[in-house]
Amino acid sequence: MCLITESENLRTPPPIRGRRFFPVSGAVYFLAFLSLAFFLFSGDARAQIDCSTFTFPSSPTDYDVLKKLYCDTNGPNWFNSSNWGFTTLSNDWHGVTVNTETPPKVTHLVLRFNNLTGTIPAELGNLASLEQLDITFNFQLTGTIPAELGNLTSLQKLNLSSNRLSGTIPATELGQLTGLQELNLSSNQLTGTMPAELSNLTSLTVLNLSSNDLSGTIPVAELGKLASLTELHLRNNQFPGTMPAELGDLTNLTHLSLGGNPFSGTIPAELGKLTNLTHLNLQGRVGDNMGLTGSIPVELGKLISLEELSLSYNQLTGPIPAELGELINLTDLYLQSNKLTGSMPVELGALTGLLSLNLSGNNLSGPIPVELGQLTGLLSLNLSGNNLSGVIPAELGQLTGLQILDLSNNQLTGTMQGLDLSELDDLRDVYFHDNRLTGSIPVGLGELRSLQRLNLSNNQLTGSIPPELGNSDLSFFWELHLHQNQLSGPIPVELGQLTSLRLLYLHDNQLTGTIPDLSGLTSLLELSLWSNPDLTIQPLDSTLLPKHDRAALRFIHDGNNGRQWRNRDGWVSSGPSGDYGVTLNDNNWVTGLDLRSNNLAGDMDDAFSGLLSIKALVLSGNRDLTGELPLGLMDLSHLMTLNVRCTGVSVPDDEDFKNWLAGISFTSSYCPPPPPPPPPPPPPPETDCEALTEDRGEDGLAVCPGCVGTSLVVISREEGKYITVELSIAGDQEPDEVPSIILSSSLLERVETASFDLSVPSEEELTEGLSLEGIAAEVGIGDVTLEEGETVKVCLPAPSFENGEESMPKLYRYEEEWISLSGSGIETVKDIEFVCADVSSLPSFFGVFVEIPEPLPVMEEEGDGGCSVVSDGEGASGLFNLFLMVFCLLVFSWRRRKDGVRGYAVEAVSN
């Protein structure tokens with residue numbers, strides 16, 4: 001189902017500059033299509049170059065160089081190659097400008113967004129008169145930057161941005177372009193360091209290396225030699241460490257963009273010397289919880305020419321300096337996603353030229369300053385995700401150019417009745433959700449002709465839904481979120497007029513009556529009505545039911561730790577079905593939901609009661625799923641199976657609900673938390689047991705097939721589910737091959753870690769009454785819940801035997817007596833034969849051993865090391881004795897490493 005898209009942002013699109021937003025009409029799209037078609041297919045002629053016969057001459061002309069470029073970059077598939085290949089090189093060639101020489105020389109070559117593929121030919125270095133080379137936005141252009149471009153000594157502008165170029169910057173060669181004024185290599189895949197040789201480009205005014213993978217230190221001293229440099233763009237690279245304070249010496253800069261690098265430390269106060277700056281971008285990297293620290297330097301208030309300031313996505317602390325209110329030319333101020341505290345400075349109200357103000361995702365407190373009402377040119381105001389309190393200032397109704405207003409996720413109180421937004425003709429998005437607002441919904445919101453999204457959810461709003469919100473003039477109204485309030489009364493029939501509405505969320509209110517005719521909502525994707533106890537929603541219109549299910553699944557995902565689910569296949573796709581655990585019928589109604597052991601967490605969301613056609617709901621094994629079962633489940637007339645075993649979910653103290661539960665198949669049993677896993681044992685000295693697991697492909701996993709001891713296989717660290725495996729040696733001998741535990745593939749996929757401690761138990765440590773001639777293993781399934789088809793198999797090395805049922809080894813388990821395991825058989829693991837049995841259904845702890853059909857050789861003598869060469873009474877071969885001697889030496893060596901000073905003797909005994 002089309003649910004949660006990672007990159008999707010349904011809340012705050014970037015503001016559109018201008019006084020009013022006019023959606024693009026179909027006619028405009030049609031005209032754009034005609035223009036593109038004319039651009040692509042009109043003109044004098046397509047290219048006449050035959051690449052199959054073209055040979056680059058030893059003394060090329062500019063004409064030959066362009067042919068080479070055409071053939072090397074898949075010219076026949078360029079978007080525009082008008083007149084390329086005509087006999088005479090002229091300005092008629094698309095993207096080409098020539099001078100008046102004979103033959104003409106190319107001075108400008110501009111082929112941006114023209115579908116060039118392949119690599120840049122080195123032969124471009126022969127265009128001796130070239131002043132501008134611009135081949136940007138050719139996203140399939142790969143390879144390295146040719147060093148031969150350093151021969152273009154007449155070049156003034158070099159722009160290779162937005163391609164897929166890789167490798168390092170040819171420093172020495174490009175450093176020869178002393179007449180270069182603009183160098184733009186941004187948005188590629190370049191690596192290496194920023195060349196110090198760029199300091200030779202003394203005419204350079206613009207240097208843009210953003211959005212690559214450059215690392216190392218920024219050569220600030222060399223940049224200081226570029227006296228003409230006005231723009232320095234280095235954002236989105238890998239420059240580490242602290243931000244160089246020497247950047248403050250580049251006093252001619254108007255643009256400084258360093259955001260998106262792994263900088264640490266504080267913002268240098270020396271940046272306050274860059275009084276010519278109009279744009280300063282020190283934005284951190286989104287999502288890495290790192291970035292610049294400390295407070296915002298008050299010295300930034302001296303940058304009186306500044307138009308844009310972005311310090312977002314860092315770890316900045318302290319208050320917002322009041323000095324920022326002196327930046328009277330500022331149009332964009334972005335401080336979101338930091339740790340700023342204190343109140344909002346009233347001085348920000350002096351920034352009357354401000355277009356965008358984003359302070360979201362901080363810890364700001366106190367009221368919203370009424371002085372913000374002076375920012376009459378503001379297009380976007382985002383104060384969400386703070387601790388702001390008090391009422392929403394009525395002065396915000398004076399921001400007549402506002403397009404986006406986001407005050408969500410704060411502690412705002414009071415009513416909205418004093419807030420008149422009806423004059424904000426351009427207002428598109430209003431987000432007041434997750435506050436403590438009370439009172440009724442203002443009817444004036446229905447007069448916002450440009451309204452696209454209105455979210456008032458999770459407040460304490462009362463009263464009815466205003467019919468004015470169903471104003472048919474709201475032709476671009478896409479989303480209406482009124483859920484989780486205390487709204488009452490019927491659903492207005494006028495909402496059925498919102499033909500563009502895609503999302504309509506009304507759940508968790510106190511709405512009453514029946515569902516009005518919503519057939520006019522032809523664009524509707526999701527509808528939520530659950531948890532309105534007195535609203536009749538069953539049966540819901542069959543055309544609306546899949547949309548109701550879609551919304552319910554979205555809220556289940558978002559409300560119960562969806563981003564951390566073990567399996568969320570399909571929950572982030574755009575398809576109508578195929579979600580993991582979801583069963584649909586032919587009408588795309590959800591009839592089953594099985595999310596057992598899937599790491600659901602938090603209070604069980606009311607949205608489960610929104611799946612009106614569901615028959616089976618299985619949530620077992622989600623230990624962190626808590627809260628009470630929603631009372632709304634009683635409305636699910638088709639539900640017959642409900643399984644919340646091994647969860648933290650409880651049954652509400654409601655007699656009607658308990659009586660309803662008695663009529664369905666309900667499974668709920670308390671699962672005590674598993675004991676914490678034992679502390680990790682110290683690593684065994686000088687052993688080869690680092691490789692703990694062996695991947696056996698479709699067969700599953702052999703746990704430590706080369707070790708002996710106790711293993712802990714953690715199925716889920718969060719839930720503490722585990723399987724313990726103790727592999728013991730009978731007596732004091734080591735086997736040639738050691739036991740293994742084989743897990744089924746699906747169980748293997750849930751394994752997080754496997755730890756192993758090497759140990760050989762003494763005879764006294766064996767189970768009482770256990771007398772073995774073979775290998776012993778003790779396995780504990782612990783608190784693991786095996787899913788359908790999951791198995792645990794114990795495999796012990798099979799001694800040499802002859803084919804036949806009588807001589808085949810047997811497996812036994814020990815309770816109060818030895819009981820033969822049924823279903824055991826021989827399997828080959830890495831070309832070695834093991835005798836295996838499925839133990840998935842056995843008690844939690846059991847002993848297993850191999851019965852060897854033939855008696856073992858009699859030990860005639862035993863050295864201190866517990867290992868001797870033996871005789872079987874019939875005369876052992878010399879080769880066999882030699883094997884045992886080598887084996888004993890290995891055991892002796894291993895024992896000495898294990899026990900330190902303990903000594904061992906190996907004695908050879910002959911017949």
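About the criteria used
Residues numbered from 1 in each chain as written. Predicted model: local features only at pLDDT ≥ 70, side-chain atom pairs only at ≥ 80, totals over all residues. Heavy atoms only, no water. Helix = DSSP H or I, 4+ residues; strand = E, 2+ residues; numbered from the N terminus. Buried < 20%, exposed > 50% of the residue type's maximum accessible area, 1.4 Å probe, protein only. Contact = heavy atoms within 4.5 Å. Areas by Shrake-Rupley, 256 points an atom, 1.4 Å probe, with all protein chains shown as cover. Salt bridge = Lys/Arg side-chain N within 4 Å of Asp/Glu carboxyl O. Phe/Tyr/Trp six-rings, centres within 6.5 Å; stacked < 30°, edge-to-face > 60°. Pairing = 2+ DSSP bridges. Axes fitted to C-alpha atoms, helices over the stretch in contact; angles between N-to-C directions. Core = buried A, V, L, I, M, F, W, Y, C linked by side-chain atoms within 4.5 Å. Arc of directions from axis to C-beta. Polar contact = N/O pair within 3.5 Å; in protein donor to acceptor, adjacent residues only side chain to side chain. Patch = residues over 30% accessible without salt bridge, like charges linked within 9 Å, V, L, I, M, F, W, Y side chains within 5 Å. Lys, Arg positive; Asp, Glu negative; His and termini not counted. Charge placed at Lys NZ, Arg CZ, Asp CG, Glu CD. Disulfide = S-S within 2.5 Å.

## Some remarks on the overall build of the chain
- Scanning the chain from terminus to terminus reveals 8 helices and 53 strands.
- Every one of the 911 residues in the chain was classed for burial, and the buried ones make up 48%.
- Within the chain, counting contacts between residues at least 6 apart in sequence, those at least 24 apart form 61% of the total.
- When the accessible area of the chain is evaluated, it comes to approximately 40200 Å², of which 50% is carbon and sulfur surface.

## Observations concerning the pattern of salt bridges
- Summed over all chains, the structure comprises 11 salt bridges.
- For Arg449, the salt bridge is made with Asp473, and the minimal N-O distance between the two is 3.8 Å. In this pair, Arg449 is assigned in the loop between strand E26 (429-431) and strand E27 (453-455) and Asp473 in the loop between E27 and strand E28 (479-481), connecting sequence segments 24 residues apart.
- The class for Asp473 is partly exposed, based on a relative accessible area of 43%.
- The partner of Glu479 in a salt bridge is Arg453, with the nearest N and O atoms 3.4 Å apart. In this pair, Glu479 sits in strand E28 while Arg453 sits in strand E27, placing the two residues 26 residues apart along the sequence. Accessibility assignment for this pair places Glu479 and Arg453 in one class, buried.
- Connected via shared salt-bridge partners are Arg428, Asp429, Arg453, Glu479 and Arg502.

## Examining the packing of aromatic side chains
- Under the criterion given, the structure shown has 12 aromatic pairs.
- Seen in terms of ring centroids, Phe137 and Phe139 are 6.1 Å apart; in terms of plane orientation they differ by 80°. Their pairing is edge-to-face.
- Taking relative accessible area as the criterion, Phe137 reaches 39% and is therefore assigned partly exposed.
- Exposure remark for Phe139: the relative accessible area of 43% places this residue in the partly exposed category.
- Site record: aromatic cluster; members linked through ring pairs are Tyr63, Tyr70, Trp78, Trp84 and Trp93.

## Structural notes on the sheet that holds strand E34 (residues 582-584)
- Across the sheet, 5 strands lie side by side as E34-E35-E37-E39-E40; this open sheet has mixed pairing. Either end of the sheet is taken by a strand with one partner, and the two such strands are E34 and strand E40 (665-667). Across the sheet, the mean angle from the axis of one strand to that of its neighbour is 10°, orientation sign disregarded.
- Here strand E35 (residues 590-594) runs beside strand E37 (residues 616-618); their pairing, made up of 3 bridges, is parallel. Bridged to Leu593 within E37 is Leu617.

## Observations concerning the sheet that holds strand E25 (residues 411-412)
- Reading across the sheet, the 3 strands line up as E21-E23-E25 and stay open at both edges, with parallel pairing between neighbours. In the strand order of this sheet, the two ends are held by strand E21 (365-366) and E25, each with one partner.
- Alignment of strand E23 (residues 387-390) against E25, held across 2 bridges, turns out to be parallel. Within the sheet, the bridge partner assigned to Ser389 lies in E25 and is Gln411.

## Focus on the nonpolar core
- Ranked by size, the top nonpolar core spans 175 residues in total, and within it Trp84, Leu109, Leu232, Phe432 and Leu593 carry the most contacts.
- Elements that contribute at least two residues to this core include exactly helix H2 (62-72), strand E1 (96-98), strand E2 (106-110), helix H4 (220-223), strand E30 (503-505), helix H5 (545-559), E35 and helix H6 (655-662).
- A per-element tally of this core places H5 first, with 6 residues.
- The contact partners of Leu109, leaving out residues within four places of it in the chain, are Leu66, Leu69, Trp84, Gly95, Val96, Leu124, Leu127, Leu130, Gln132, Leu133 and Asp134.
- Counting 9 residues, the second largest nonpolar core, distinct from the first, contains Val792, Val835, Ala837 and Val839.

## Comments concerning H6
- Taken as a whole, H6 has its buried residues at Phe657, Trp660 and Leu661. Here the buried residues of H6 occupy an arc of 100° about the axis, which is enough to place them on one side. For H6, the exposed residues set more than 90 degrees away from the buried face come down to Glu655, Asp656, Asn659 and Ala662.
- In the core, the buried residues of H6 are packed alongside strand E39 (641-643) and E40.
- Of the residues flanking the start of H6, the one acting as N-cap is Asp654, its side-chain oxygen 3.1 Å from the backbone nitrogen of Asp656.

## Thoughts on a negative patch on the surface
- On the surface, Asp420, Glu423, Asp425, Glu447 and Glu468 cluster together to form a negatively charged patch.
- Using a relative accessible area of 54% as the deciding quantity, one classes Glu423 as exposed.

## Quick notes on the side chain of His233
- Structurally, His233 is set in strand E11 (residues 231-233).
- Exposure remark for His233: the relative accessible area of 11% places this residue in the buried category.
- Those residues in contact with His233, other than ones at most four positions away along the chain, are Leu207, Asn208, Leu209, Ser210, His255 and Ser257.

## Thoughts on the state of the cysteines
- Taken as a whole and judged by the stated rule, the model has 1 disulfide.
- In this model Cys51 forms its disulfide with Cys71; the gap between the sulfur atoms is 2.2 Å. Between Cys51 and Cys71 the sulfur-sulfur dihedral comes to about -95°; the bridge is accordingly left-handed. Placement of Cys51 in the loop between helix H1 (26-41) and H2 and of Cys71 in helix H2 is noted, with a sequence separation of 20 residues between them.

## Focus: the environment of Pro321
- Within the secondary structure layout, Pro321 lies in the loop between strand E17 (317-318) and strand E18 (332-334).
- Remark: the alpha-carbon pair of Pro321 and Gly301, spanning 20 residues in sequence, is separated by 8.2 Å.
- Apart from the residues within four sequence positions on either side, Pro321 is in contact with Ile296, Val298 and Pro345.

## Describing the pairing of E2
- Sheet topology note: the E1/E2 ladder contains 3 bridges and is antiparallel. Its bridge partner lying in E2, Thr97 is registered against His108.
- Pairing geometry for E2 and strand E4 (residues 132-134), over 3 bridges, is parallel. Bridge pairing links Val110 to Asp134 in E4.

## Description of a nonpolar patch on the surface
- A grouping of Phe79, Phe113, Phe137 and Phe139 is seen on the molecular surface, where their side chains present a nonpolar patch of about 400 Å² in accessible area.
- Structurally, Phe113 is set in the loop between E2 and strand E3 (117-119).

## Here we look at the pairing of E23
- Sheet analysis places E21 next to E23, joined by 2 bridges and oriented parallel. Directly across from Ser365, in E23, lies its bridge partner Asn387.

## Focus: the side chain of Ser609
- Mapping Ser609 onto the fold places it in the loop between strand E36 (602-603) and E37.
- Residue classification places Ser609 among the buried residues on the basis of a relative accessible area of 4%.
- At a separation of 2.6 Å, a polar atom in the side chain of Ser609 contacts the main-chain carbonyl oxygen of Asp606.
- Apart from the residues lying within four places of it in its own chain, the contact partners of Ser609 are Trp530, Ser531, Gly632, Leu633 and Leu636.

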